[in-house]
Amino acid sequence: MAAADLQAMQQVIYGLLRDTGRRPGEIVSLKVGCVEVIDGQPNLVYDNHKAGRMRRRLPITGETAEDVLAWERHRAELGGPPVTQRWLFPTPLLRARQSLGHITPSLRRPGVRDLGGEDRDH
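First, a word on scope: everything that follows refers to the structure included in this document.

Rules behind the numbers
Residues numbered from 1 in each chain as written. Predicted model: local features only at pLDDT ≥ 70, side-chain atom pairs only at ≥ 80, totals over all residues. Heavy atoms only, no water. Pairing = 2+ DSSP bridges. Helix = DSSP H or I, 4+ residues; strand = E, 2+ residues; numbered from the N terminus. Axes fitted to C-alpha atoms, helices over the stretch in contact; angles between N-to-C directions. Expected span 1.5 Å × (residues − 1). Buried < 20%, exposed > 50% of the residue type's maximum accessible area, 1.4 Å probe, protein only. Arc of directions from axis to C-beta. Contact = heavy atoms within 4.5 Å. 1 Å grid on protein atoms, 1.4 Å probe; cavity = no way out; pocket = protein on both sides within 12 Å on 5 of 7 lines; lining within 4 Å. Points joined across faces, edges and corners; volume = space filled by probe spheres on them. Nonpolar A, V, L, I, M, F, W, Y, C, P; charged D, E, K, R; others polar.

**Let's talk about the sheet that holds strand E1 (residues 35-38)**
Turning to step 1, where the next piece is worked out: Reading across the sheet, the three strands line up as E1-E2-E3 and stay open at both edges, with antiparallel pairing between neighbours. Edge strands, defined here as strands with exactly one partner in the open sheet, are E1 and strand E3 (53-59). When strand polarity is set aside, the average angle formed by the axes of neighbouring strands in this sheet is 40°.
Turning to step 2, where the next piece is worked out: Pairing analysis gives four bridges linking E1 to strand E2 (residues 41-48), with the strands arranged antiparallel. If you follow Val35 over to E2, its bridge partner there is Leu44.

Structure, rendered in C-alpha cells:
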C-alpha cells in the first residue's frame with residue numbers, strides 16, 4: 001500500500017474513532033459495506049467483540065458516512081489479496097500466516113502504534 005493510501009486510511013480510522021467513540025478493534029475490523037441508510041439516517045454497522053454482539057447499528061453523521069464511503073470507493077481501486085477484500089481497512093502488512101486480513105494484527109507490531117510522528121502531542 002502506498003504511503004498516501006496508508007495515510008488516507010489512517011485519517012478515516014481516526015475520524016471514526018473520534019466521531020463514534022467505538023473501540024479501536026471495532027473500527028479496524030469494519031467490513032466493506034458497513035454504512036447503511038435507514039429512514040434517511042446513515043448508520044455504522046459494526047461488531048461489538050467485547051460483548052459478543054454482532055452487526056450493531058450506530059447512527060453517524062452524513063459527513064462521517066461520506067468519509068467512510070469515499071474511503072471504501074478508493075479502497076476498491078487498491079485491489080490486494082483476496083483475503084483482504086471484505087475488510088474496509090485491510091492490513092498493509094499481510095503475511096501468509098497472518099490472521100484475518102484486516103489491520104488489527106498490524107497494530108500490535110512494534111513501531112506501528114506511533115502514528116503521529118514528532119508532533120503527536122500537539
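Moving on from the model shown.
**What to know about helix H3 (residues 62-78)**
Turning to step 1, where the next piece is worked out: If you check H3, its first and last C-alpha atoms are 24 Å apart, about what 17 residues at 1.5 Å a residue would give, namely 24 Å.
Turning to step 2, where the next piece is worked out: Thr64, Ala65, Val68, Trp71, Glu72 and Arg75 are the residues of H3 that are buried. One face of H3 carries all of its buried residues, which in axial projection span an arc of 130°. Of the exposed residues in H3, the ones pointing more than 90 degrees away from its buried face are Glu63 and Glu77.
Turning to step 3, where the next piece is worked out: Against the buried residues of H3 lie helix H1 (3-20), E1 and E2.
Turning to step 4, where the next piece is worked out: After H3 finishes, the residue Gly79 shows a positive phi value of roughly 70°.

**Examining the environment of Ile38**
Turning to step 1, where the next piece is worked out: For Ile38, the location among the structural elements is in strand E1.
Turning to step 2, where the next piece is worked out: For the pair Ile38 and Arg57, spaced 19 residues apart in the sequence, the C-alpha separation amounts to 10.0 Å.
Turning to step 3, where the next piece is worked out: Apart from the residues within four sequence positions on either side, Ile38 is in contact with Asn43 and Arg57.

**Side note on the layout of surface pockets**
Turning to step 1, where the next piece is worked out: Taken as a whole, the second largest pocket spans an internal volume of roughly 150 Å³.
Turning to step 2, where the next piece is worked out: Looking at the second largest pocket, it is lined by eleven residues, and the ones nearest its centre are Met1, Gly79, Gly80, Pro81 and Thr91.
Turning to step 3, where the next piece is worked out: Within the lining of the second largest pocket, the residues separate by chemical class into six nonpolar, four polar and one charged.

These values are about where atoms sit, not about what they do.
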